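# Structural overview for review
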Amino acid sequence: MASVKRWPRSKENLSRLMTDYYMKGHSDANDGKFVVWIAIIVPVELLKGFEGLVVAVPENHSAMCAAKGIGAAQAEKSEREGYSMDLCSYARIDMGTVFSGGEGSPSMGLPMPDLLISNTNNCSHLVKWFDVYHRRYDIPHFVLDVPFAYAGQKKEDLDYIVRQFRELIRLIEETSGLTWDIDRVRDAVRYSDEGNNHWKRFLNLAMERPSPITAFDSFLQMAPYITAYRGTKELADHMRLLADEAYEQMEAGVYPVPEEKYRLLWDNIAPWHQLRRMYQRLSDINANLIYASYTSCMGTVEGEVDRYRYESEDPLIDLARIQNSSVCPYGLGLRSSVMDEIIERFSIDGVVFASNRSCKPYSLMQIDLMRHIKKRHDVPAVMIDVDHADARKYSEENVFVKLEALIEEIDAERNG
Amino acid sequence: MIMDSPLQKLTSSPRPIIACLPLYPPLELLDSLGLFPIIPWNLKPYIEKTDKSDRHVQNYVCSVARHLVEYLLTDGLDRVSGIIAYNACDTLRNLPEIIQSGLDEQNASIPVFTYHVPMTGAVGRSRPEYVREYIKNEIARLIRELEAAYSVSFHTPRFLESVETYGAVRGLFRILSEHLSEGRIDFHRFVSLLSDVSFMPVSEQFSFLSTAVDTLKDAPEKKDGAQRIIISGILPPPPAVLDAMERSGLLVVGEDLAIFRRSYCSPPAQATEPGDYYARFYENHYPCTTLHYLADRRIEVILNLCRDLEADGFIFLGEKFCEYEYFEYPYLEKRLRESGIQPLALEFSIDDSEHIGAVVTRIEAYAEILKG
C-alpha cells in the first residue's frame with residue numbers, strides 16, 4: 001500500500017460535496033422547496049431545468065449507509081415491517097431509514113419527497129420500492145419506462161423516452177408550480193459532457209501498468225455523479241480535479257498496488273460494505289482490481305466503453321439516448337462486447353463476477369457471460385457471492401478462497 | 001427430466017408451437033397467424049431437476065424462470081418453433097438471450113421475438129395517447145417479424161375470430177370461478193382443469209371448458225360453514241398444501257393467481273385491429289404486480305374480491321424469489337387487516353413440494369385462528 005496520501009485534494013473535495021449535498025437537501029426542503037426523489041439514471045440534467053428543485057437519490061443514500069457499516073441495521077427496520085430479506089438491500093435500507101424518520105442514517109436520511117420518479121431501465125424493483133412510499137405517504141409517483149436494449153437502443157424507443165420526458169416536465173410544472181427552462185438543461189448537459197470526459201480520463205489511467213487507480217477508487221468517486229450534482233459545474237470541476245490529481249500522482253510514482261502482478265476486472269455493483277477490506281486483502285497479494293463495469297458505464301451508451309458525446313441540439317435527445325447505459329438495461333450480447341473491449345484495452349488478467357443476490361438484473365446473465373469470457377479470451381474468471389449493501393449476506397473467507405483460487409489460476413496460465 | 005405432463009401432447013401439433021414467456025402474451029394474435037401459442041409455466045409438477053437450466057440461470061431466480069428454461073433446453077427443443085417474450089419482469093426480460101445461449105451450446109436454434117409493453121406514467125393517472133401509439137407500433141413490428149419468420153400472413157377477420165374465441169374461453173373461466181366461489185367445484189379440481197387447458201389449442205380449450213362448465217352447473221353448492229379463503233400469488237400451491245387447507249376446514253372460494261384470474265379475468269378489449277386491441281388489453285388488464293401502472297388499482301380489486309366472496313381469510317403464496325409480489329404484500333396485508341380479513345403469508349421455493357411440514361403446521365394454526 002502507498003505510504004503517500006492518495007489524492008488529498010480530490011478526497012477533501014468529495015467529502016465536502018457529499019456533505020453539502022445531504023445538508024443542503026434538508027435545509028432547502030425545510031425552506032419549502034419542492035423535493036423529488038429519483039432513481040439513479042433519471043436524468044438530473046432534465047430536472048435542472050427547474051430552478052430550486054431539490055433532487056435526492058435514495059440509492060446513493062443506501063450505498064452510503066452500507067459503506068458506513070449501518071446497512072444491515074437500517075435494513076432490519078423494514079424487515080420488521082414485513083419486507084422480505086430477499087428484496088434488494090438498497091430498498092430495505094432506504095425503507096428502514098424512511099420508516100424510522102431518518103434515525104440511524106449518517107445524513108438523517110433524505111428530506112421527504114413531494115414527487116417520486118422511478119425508472120425501469122435498471123430494474124423494476126425501483127418502481128415497486130417507490131410505490132411503497134407512494135401508498136404509505138400518498139406521494140405522486142411517475143414511472144419512467146425504458147425499453148430493454150437487446151441490440152442497441154431503437155429510434156422508436158428513444159422517441160418514446162423523449163415523450164415521457166415531456167410528460168414528466170408537465171407533471172412537475174403542475175405539481176410544483178415551477179417553470180421548466182430548456183436553457184438551464186442545455187447548460188446542465190454541457191457540464192455533464194465535460195464531467196464525463198474527465199471521468200473517462202480518470203478511468204483510462206487503469207491502462208497504465210501498474211495502474212495508478214483501483215476500481216475501489218472509482219466506486220468512491222462516483223458518488224457525486226449519482227446525486228443532484230450531475231449536470232453541474234461543481235461535478236465537472238471535481239472530475240477534472242480527480243483526473244488531474246490522479247495523473248500528477250502517477251507521474252510522481254504513487255501507486256495503490258506498487259508491485260501489481262494481477263489486474264482484475266469487477267462485474268457488478270460495488271460491495272459497499274467491503275471496499276477498504278477487500279482492497280487491503282487484494283493488495284496484500286499484489287492484486288489490483290483496476291476496473292469495474294459498474295463505473296465504466298457512466299457517461300456511455302449501451303454496449304460502449306468510450307464516452308458518449310452530448311451533441312444533439314435538443315438536450316432531451318441526448319438524455320434519452322443514455323437511458324440504456326447502466327449495464328442492467330442492455331443484454332448479454334452487448335455486455336459481452338463491452339467486456340471483450342475492457343479485457344483487451346485494460347490488459348485484464350482475471351475477471352471477478354460478483355453474483356449479487358440483491359441485483360438480479362446485473363447478475364442473471366453472468367453465468368453465460370463468464371462462459372463467453374473464458375472461451376473468447378482464455379482469461380480466468382471466478383464467480384463470488386456478494387450482496388452489495390447487506391453485509392449479513394457476505395462471507396469474506398468464502399469470497400477470498402475463490403479470489404485466491406483465481407490468482408492461482410492466473411499464475412498457472414502464465415506458467416503454461 | 002420432463003415427467004408425464006400435458007406438454008408431451010404437444011408433439012403432434014400441425015401448427016408451429018410458440019412458447020410465450022409469461023405472463024400475458026398476445027395469444028389471439030399468434031393464434032390468428034396460424035401459430036399455436038403456449039405459456040410454459042406451472043411446470044413444477046412436471047420437472048424434477050433443472051440441470052440444464054442451472055448451467056445458465058442463478059439459483060436465486062424464481063422457479064417459473066428456471067423451469068421454463070429447463071423445458072426449452074430439453075423437451076421443448078423438439079417441440080417449440082419460436083419463443084416470444086416481453087418485459088414482464090426483470091428476470092423474464094433477460095431470459096431470451098440466456099435461452100439462446102443455452103441453445104447455442106446444443107447447436108440448436110429457436111427464433112426469439114421480443115416486444116415491449118409500456119409501463120410508464122404517473123401511477124393512478126390515465127396514460128397519454130403516445131403510450132398507446134407505442135404499443136401499436138410494437139405489435140405492428142411483431143406481426144411483420146412473425147409473418148416473415150413463419151411465412152404466414154395477418155388477416156384482420158381471422159384475428160377478430162381469435163379474439164372472440166379467446167374471449168369465450170375467458171368467459172368460461174369466469175363461470176368456473178363462480179362455481180368455485182359457490183363450492184360447486186373444489187380448488188384441486190379447478191387447478192387441474194385449468195392446468196390441463198394451458199397446452200391445448202384454443203378451440204380445444206373452448207370445448208374442454210364448455211364440457212366442464214356444463215358438468216358442473218348442476219353440482220350442488222357447498223356452504224357448510226367452512227372458512228372462506230382467497231389465495232393470491234403467481235402459481236397454485238403444491239397439492240399437499242391444498243390437501244392441508246382442506247383438512248383444516250379452509251375452503252378456497254376465489255383466487256388472485258397470475259396464472260389464473262389475472263390471466264383470464266381482464267375485461268374484454270374492444271378493437272378492430274391488433275394494435276388498438278393490445279393497447280386496450282394491457283391498459284385495462286386485470287391488475288398484476290408486474291403491471292406497474294395498475295398497481296394502485298390492484299389493492300382495491302383484491303379488497304373487493306374478498307368482500308364480494310365473503311372471504312374470512314387471505315393466503316399469500318410467495319414464490320421465491322418474486323420481488324414484485326413481496327414488495328406489495330406488506331401494504332396489502334395492512335389493508336386486508338383493516339378490512340377485517342385475516343391474512344397469512346406462505347413461502348415456496350423450487351423444491352418445496354417435498355418440504356412442506358412447516359407450511360402445513362402454519363395452515364393448521366391459521367385455520368384455528370379463523371375459527372376462533
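Numbers given to residues run from 1 along each chain, matching the order in which its sequence is written. As they are written, the chains are lettered A onward and the ligands numbered 1 onward, keeping that order. Local features in a predicted model are, by the rule used here, given only for residues with pLDDT of at least 70; side-chain atom pairs are given and counted only at 80 or more, and totals for whole chains, interfaces and linings are based on all residues. Calculated side-chain values reflect all of the structure's heavy atoms, with hydrogen atoms and water omitted.

## With respect to the interface of chain A and chain B
Listed per partner, the contact involves 57 residues of chain A and 45 residues of chain B. Note on definitions: buried area is the accessible-area loss of two parts on being combined, 1.4 Å probe, summed for both. If you sort the residues of chain A by the area they bury against chain B, A:Lys128, A:Arg135 and A:Leu364 come out on top, with a joint share of 17%. The salt bridge criterion pairs a side-chain nitrogen of Lys or Arg with a carboxyl oxygen of Asp or Glu, the two atoms within 4 Å. Here chain A and chain B share six salt bridges between them. Note that A:Arg371 and B:Glu105 form a salt bridge whose closest N and O atoms lie 3.4 Å from each other. For this analysis, a polar contact is any N or O atom pair within 3.5 Å, provided that within protein one partner can donate a hydrogen and the other can accept it, and provided that sequence-adjacent residues contribute only side-chain to side-chain pairs. The interface formed by chain A and chain B contains 33 residue pairs in polar contact (both at pLDDT 80 or more). The secondary structure listing takes helices from DSSP runs of H or I that are at least 4 residues long and strands from runs of E that are at least 2 residues long, numbered from the N terminus. Listed by contribution, the elements that provide at least two residues to the side of chain A that touches chain B are α5 (89–99), α6 (125–137), β4 (141–144), α7 (155–176), α14 (332–345), β7 (350–356), α15 (360–363) and α16 (366–377) of chain A. Each residue is assigned to one of three groups, with Ala, Val, Leu, Ile, Met, Phe, Trp, Tyr, Cys and Pro labelled nonpolar, Asp, Glu, Lys and Arg labelled charged, and all others, Gly among them, labelled polar. Across the side of chain A that touches chain B, the residue classes tally to 25 nonpolar, 16 polar and 16 charged. Sheet analysis places β4(A) next to strand β5 (residues 121–122) of chain B, joined by two bridges and oriented antiparallel. Bridged to A:Val143 within β5(B) is B:Gly121. Every residue pair with non-hydrogen atoms within 4.5 Å of one another is taken to be in contact. Each pair of strands is called paired provided DSSP finds at least two bridges between the two strands.

## With respect to the pairing of strand β1 (residues 17–20) of chain B
All names here are of chain B. Neither face of β1 is open: one carries Ile17 and Ala19, the other Ile18 and Cys20, and all of them are buried. Where β1 and strand β2 (residues 36–38) come together, three bridges link them in parallel fashion. Bridging from a neighbouring strand, Ile18 pairs with Pro37 of β2. Read from β1 through helix α1 (residues 27–32) to β2, the crossover connection turns out right-handed. Working definition: with a 1.4 Å probe on protein chains only, accessible area under 20% of the residue-type maximum means buried, over 50% means exposed, and in between means partly exposed. A clockwise course of the path from the first strand over the helix to the second, judged with the strands pointing away from the viewer, identifies a crossover as right-handed.

## Comments concerning the sheet that holds β5(B)
Across the sheet, which stays open at both edges, the five strands sit in the order β2(A)-β1(A)-β3(A)-β4(A)-β5(B) with mixed pairing between neighbours. The open sheet has two edge strands, β2 (54–56) of chain A together with β5 of chain B, and neither has a second partner. One ladder, built from three bridges, connects strand β1 (residues 35–38) of chain A with strand β3 (residues 115–119) of chain A; its direction is parallel. Opposite A:Ile38, over in β3(A), you have A:Ile117 as the bridge partner.

## Side note on the sheet that holds strand β6 (residues 287–292) of chain A
Strand-to-strand pairing in sheets goes through backbone hydrogen bonds, with the strands running parallel or antiparallel. Residues and elements named next belong to chain A. Ordered by their spatial adjacency, four strands build an open sheet running β6-β5-β7-β8, and the pairing between neighbours is parallel. On the outer flanks of this sheet lie β6 and β8 (381–386), each paired with one strand and no other. Strand-to-strand twist of the sheet, defined as the mean angle between neighbouring strand axes without regard to direction, takes the value 30 degrees. Pairing of β7 with β8, which is carried by six bridges, proceeds in the parallel orientation. In the strand pairing of β8, Val352 is matched with Val382. Helix axes use the C-alpha atoms of the stretch in contact, all axes being lines fitted to C-alpha atoms, and the angles between their N-to-C directions lie in the range 0 to 180 degrees.

## With respect to unusual backbone geometry
Cis geometry is found at the peptide bond from A:Arg209 to A:Pro210, where omega equals -10 degrees. Its place among the elements puts A:Pro210 in the loop between α8 (182–204) and α9 (215–221). The amide bond that connects B:Pro22 to the next residue, B:Leu23, takes the cis arrangement and shows omega of 15 degrees. Mapped onto the fold, B:Leu23 is located in the loop between β1 and α1. Even without glycine at this site, A:Asp138 takes up a positive phi of about 55 degrees. As for its placement among the helices and strands, A:Asp138 is situated in the loop between α6 and β4. The class for A:Asp138 is exposed, based on a relative accessible area of 66%. Of note, the phi angle at B:Ser151 is positive, near 50 degrees, even though the residue is not glycine. B:Ser151 gets classed as exposed once you look at its relative accessible area, which sits at 68%.

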